[in-house]
Amino acid sequence: MQEILTTFQDEILSVTLTPKSGGIFEIFLDKEKIYSRSDFGGFLDIKDIKKLIRDKISPGKNLGHTDL
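Everything numeric here is computed off the predicted structure, so don't read it as measured data.

Draft legend 1. Structural view of the pattern of salt bridges. With the rule as written, the count across this model stands at six salt bridges. Measuring nitrogen to oxygen at the nearest pair gives 2.9 Å for the salt bridge that ties Lys56 to Glu32. One end of the pair, Lys56, is in helix α3 (residues 46-57); the other, Glu32, is in strand β2 (residues 32-36), with 24 residues separating them in the sequence. Residue Lys56 is classed as partly exposed on the basis of its relative accessible area, which comes to 46%. By relative accessible area, which is 40% here, Glu32 ends up partly exposed.

Draft legend 2. Quick peek at the nonpolar core. The biggest cluster of nonpolar side chains holds ten residues, and these are Ile4, Phe8, Ile12, Ile27, Leu29, Ile34, Tyr35, Ile49, Ile53 and Leu63. If you list the elements that add at least two residues to this core, you get β1 (26-29), β2 and α3. Leu63 has contacts with Thr7, Phe8, Lys50, Lys51 and Arg54, leaving out every residue within four places of it along the chain.

Draft legend 3. Highlighting the pairing of β1. Along β1, the buried face is formed by Ile27 and Leu29; none of Glu26 and Phe28, which line the opposite face, is buried. Here four bridges tie β1 to β2, and the two strands are oriented antiparallel to one another. Pairing of Leu29 across the sheet is with Glu32, part of β2. What sits between β1 and β2 in their antiparallel hairpin is a turn of two residues, with Asp30 showing a positive phi close to 55°.

Draft legend 4. Up close: the layout of surface pockets. Size it by volume and the largest pocket reaches roughly 850 Å³. Residue lining of the largest pocket: 23 residues in total, with Val15, Thr16, Glu26, Ile27 and Phe28 positioned closest to the centre. Within the residue set of the lining of the largest pocket, elements represented by two or more residues are β1 and α3. Considered class by class, the residues forming the lining of the largest pocket number 16 nonpolar, three polar and four charged.

What counts, and at which threshold
- Residues numbered from 1 in each chain as written.
- Predicted model: local features only at pLDDT ≥ 70, side-chain atom pairs only at ≥ 80, totals over all residues.
- Heavy atoms only, no water.
- Salt bridge = Lys/Arg side-chain N within 4 Å of Asp/Glu carboxyl O.
- Helix = DSSP H or I, 4+ residues; strand = E, 2+ residues; numbered from the N terminus.
- Buried < 20%, exposed > 50% of the residue type's maximum accessible area, 1.4 Å probe, protein only.
- Core = buried A, V, L, I, M, F, W, Y, C linked by side-chain atoms within 4.5 Å.
- Contact = heavy atoms within 4.5 Å.
- Pairing = 2+ DSSP bridges.
- 1 Å grid on protein atoms, 1.4 Å probe; cavity = no way out; pocket = protein on both sides within 12 Å on 5 of 7 lines; lining within 4 Å.
- Points joined across faces, edges and corners; volume = space filled by probe spheres on them.
- Nonpolar A, V, L, I, M, F, W, Y, C, P; charged D, E, K, R; others polar.

In structure tokens form, the structure reads like this:
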């Protein structure tokens, strides 16, 4: 959460974690699901999560070393 808030400090006001059972891990921007562990077959690295978020909210944003 902190990594996302730091990277997108001008674009994101808050991040919410909602506990669920059954190994569910999903990322939503507003109400749009942009990632699901079950759909992707596993967990993404933080750099890939940041790219997913960037591509939706600020496509021109440079993520520095994450973009390499």
